Each structure stands twice: as C-alpha cells, then as structure tokens.
Amino acid sequence: MMIESEIIQSIHLNYINVPLQKSLSDAKVFQGKQKPLSSVYLTCVRMETSSHIKGEGYTYALRAGGKSQYELAKELAPALLGENPFNISYLWDKLHWCGNTLSENGIINQVIAAFDTALWDIKTKKAGLPISQLIGSYKSSISCYNTTAGYLSFKIDEVINKAKELLANGIGGIKLKVGQPDLDADIFRVRTLRDKLGPNVPIMVDANQQWNLETALRFGKATEDCNLTWLEEPLNAYDLEGHYELTHRLQVPIGTGEMLSSAADLLRYIDHNAVNLIMPDAPRIGGITPFLKVLDRAREKRLAVAPHFVMEMHLPLAATYAGSIWVEHIDWLKDLFNEQVEIADGSMKVPKRIGNGFSFNEKNLNLFSKEDSIYSLD
C-alpha cells in the first residue's frame, strides 16, 4: 500500500518587537560601543502540513538586524512549500544553499533557525512525543541561573537584593556583568556579591568580550578566592588562542560561544580544548539541527554546557545532554508563550508537552506583531 507523503502546505511569518520592562546595559554599553538594550526583535514562523500538523519556530536579534532577518525569511520561505517536513537535514542544507552567497555563518544561519525549529516541532508532534524524549532525554530538570539581575545598569546593592529574591524563588545561581572601564570596580562588584550571598551560591561572571588577555588574567588572579562558577566571554568571541591561554592558566572555568553563528565556529573551540564551558545559542547557529551537533561533540570532550538566552527553546534540548549543563533564566520572551517555565530548588523542570514544549500565545503574538507574510500552495 502506498502511503501519501506529508508536505509543507503553508508558512506564516511574523516580524515582532517584544519590549523590555526596563532598558539594560552591559559592558558594551559602558565601553561606549552600544546603546542600552530596550527590546527583542523576532521573526516567528508558523508552518502547517498537508495533514494539518502545525509547527512553530523563531529567531531573534538584539538592537539591530531584526528586520533584515525577517526580509530574508520572506525570501527563503517559498523554498519549503511542497517539501516533506521530515527531511530536516536536507531542508536545512537547501535553505543554506539558497543564501550561500551571504556567508557560511551569520544571518543565513539565524534565519534558517526559525524554520528548522518549526520543522522539529512538526516532527515531534507527528511522533506524539516531547522533543526531549524524541532525541533521548537524560534529565527531568536542569540547573538554572539568572542573568537579568546582574546587569551593569543595576548598582551592586540592587543586584544583591534582586539576587536574594531570585534565589528564594528557586533560581540556582546568579550571573554578574562586568567589563567596566575600571577593572578594580569590577573586582569590587564580584567580591561584594560573593560576600553578601555566601560561599556556596553559584556566581557566574560575564565580561561581554571587553577585555584583552592581560586584563582577563589580572581579573582571574584577583578573584581566585571568590569560587566563581565560570568566567564568560572575557575576550573577543573569535579569539580562540586567547581563550586557550586563559583556560590553561586560570583556575576559574572559561566559557564562550554565544556570539558565534555557526556550529563549525563552536566546534573549533571544542576541538582545540580552548574552553572549559561551551555556550551555544540555537537561534544564532541555525536552530536545533546544528545545536545537537555541538552537544554531541561537547559530550565527547566531557565539557560543561550553558546555552545562551531563549530558555524556552534550550530547556528541553538541555535534557538530552548527559554531562553538566545549565540553562540561563532570562524571561524577556515569557509573554510570547502560552506556557511558562517552572522553577524550583535551583532547577527548571523539563516540559513533558508534545512538541518543542512551548507554544505561541496568539493574542500576544498579534499584539507584538509589526508585519506578517503568508505563503501557501493553495
């Protein structure tokens, strides 16, 4: 008996802007390189198959580039119509070839991520499983830490108060932003937080690429007794040699990866033993398909992993990693989804819902939407 093939029947794109409750500043702002962050721009994909299975996905941009992502998505979307949605690797390559004159990484991968995530949502719904179980879960909960409390926009007393509140409500660790022009001010900030939170609370430190090797070494030596969980992005994101040097000279674990925009970039760090902690961002590197490749290689090297941002996407994927893994708590997109992340005892609970775990809130999606486009075989 011949089984009729499933095909992609329609694709609906939305360009949306989700405003933050308060503008935030990190080291890039304090160093005069960027303006404060006030919103998140997203390209959202809603895809439907010939048997009416619906898949959702998204990608994002901060400060600039969101509209460019959306316009490129409009060019790529027709290439998927009529295709079998379960041929995910093939379709990833097809979209990449559509934009291969742009680059091997960067915006082409970021836009593919929105479609790739929607295709995985369709696959898991067809299978009737949560994505974590379809891939192969190891864990039912994942250690989590909060980032938004530690921005440089907040004075250290504000950070301490926010941190204590978050810890009381189940968060497992606090990330502190550093990278100010005055290194001594950064060191004071770290020491003060450690003193107020006690010796056992995980504290992560993020310099947002603002140091050179000498400054990073000075900071690492000066804070050795602070028992930091990791030092994140101390150097330029593409400085593999510098990160290798820090990894082998400092006691604090070194991490980077969130700004890299292809799996290949991340794999170079892993293969060269240049970090203790790899920090992939699924929307930036092309979606779930390349993200899983990074997890596979990290597992071979027994590296710790801490995906960047979009906790709603990364949480169920983190459940498939056998080694040490953290999920970053940033709730900027919480109003975009019907479901909310559940937090208790320092961890996030992995959702058991069929599909990718979180679904768009149609009312809020329309509220945030600035533009939409529909493509169909009809």
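Above this text sits the structure in question.
Report on the accompanying structure. (Residues numbered from 1 in each chain as written. Predicted model: local features only at pLDDT ≥ 70, side-chain atom pairs only at ≥ 80, totals over all residues. Heavy atoms only, no water.)

## Things to note about the packing of helix H6 (residues 156-168) against helix H7 (residues 183-197)
- Put simply, H6 and H7 touch, their axes get as near as 10 Å, and they point 40° apart. One way to sum up the angle between H6 and H7 is to call them oblique. Crossing of H6 over H7 shows right-handed handedness. Residue-level inspection shows Ile156, Val159, Ile160, Ala163, Lys164 and Leu167 of H6 in contact with H7, the latter providing Arg189, Thr192, Leu193, Lys196 and Leu197.
- Partitioning the contact of H6 with H7 into residue classes produces seven nonpolar, one polar and three charged. (Axes fitted to C-alpha atoms, helices over the stretch in contact; angles between N-to-C directions. Helix = DSSP H or I, 4+ residues; strand = E, 2+ residues; numbered from the N terminus. Parallel < 35°, antiparallel > 145°, perpendicular 65-115°, else oblique. Left-handed = near helix turned anticlockwise from the far one by under 90°. Contact = heavy atoms within 4.5 Å. Nonpolar A, V, L, I, M, F, W, Y, C, P; charged D, E, K, R; others polar.)

## Looking at the packing of helix H3 (residues 88-98) against helix H4 (residues 107-127)
- Two elements in contact, H3 and H4, have axes whose closest approach is 10 Å; the angle formed by their N-to-C orientations is 160°. What the angle tells us is that H3 and H4 run roughly antiparallel. Crossing geometry of H3 relative to H4 is assigned as right-handed. Where H3 abuts H4, its residues Ile88, Leu91, Trp92, Leu95 and His96 lie against Ile108, Asn109, Ile112, Phe115, Asp116, Leu119, Trp120 and Lys123.

## Here we look at the pairing of strand E4 (residues 141-146)
- Here three bridges tie E4 to strand E13 (residues 347-349), and the two strands are oriented antiparallel to one another. Within the sheet, the bridge partner assigned to Ser141 lies in E13 and is Lys349. (Pairing = 2+ DSSP bridges.)

## Some details on the packing of aromatic side chains
- All told, the structure shown has 13 aromatic pairs when counted by the stated rule.
- Between the aromatic rings of Tyr15 and Tyr41, the centroid separation amounts to 6.2 Å while the plane-to-plane angle is 10°, which identifies the pairing as stacked. On the criterion of sequence distance, the pair formed by Tyr15 in strand E1 (residues 8-24) and Tyr41 in strand E2 (residues 37-49) is long-range, its members being 26 residues apart.
- Judged by its relative accessible area of 10%, Tyr15 is buried.
- The exposure class assigned to Tyr41 is partly exposed, which follows from its relative accessible area of 22%.
- Plain terms: the ring middles of Trp211 and Phe219 are 4.8 Å apart, the flat faces sit at 40° to each other, and that makes the pair tilted.
- Feature note: the residues Tyr58, Phe337, Phe358 and Phe360 constitute an aromatic cluster, connected by ring pairs.
- In this structure, Lys177 is placed above the aromatic ring of Tyr151, and the distance from its NZ or CZ to the ring centre is 4.9 Å. (Phe/Tyr/Trp six-rings, centres within 6.5 Å; stacked < 30°, edge-to-face > 60°. Buried < 20%, exposed > 50% of the residue type's maximum accessible area, 1.4 Å probe, protein only. Lys NZ or Arg CZ within 6 Å of the ring centre and 35° of its normal.)

## Here we look at the pattern of salt bridges
- According to the stated counting rule, one finds 21 salt bridges in the structure shown.
- Residue Lys126 pairs with Glu6 through a salt bridge whose shortest N-O separation is 3.6 Å. Of this pair, Lys126 sits in helix H4 while Glu6 sits in the segment before E1, and the two are 120 residues apart along the sequence.
- On the accessibility criterion, Glu6 (8% relative accessible area) is buried.
- The salt bridge involving Arg268 is made with Asp265; its shortest N-O contact spans 2.3 Å. One end of the pair, Arg268, and the other, Asp265, are both in helix H10 (residues 263-271), three residues apart, so they sit about a helical turn from each other.
- In the salt-bridge network here, residues are joined through shared partners; they are Lys175, Lys177, Asp206, Glu232 and Glu328. (Salt bridge = Lys/Arg side-chain N within 4 Å of Asp/Glu carboxyl O.)

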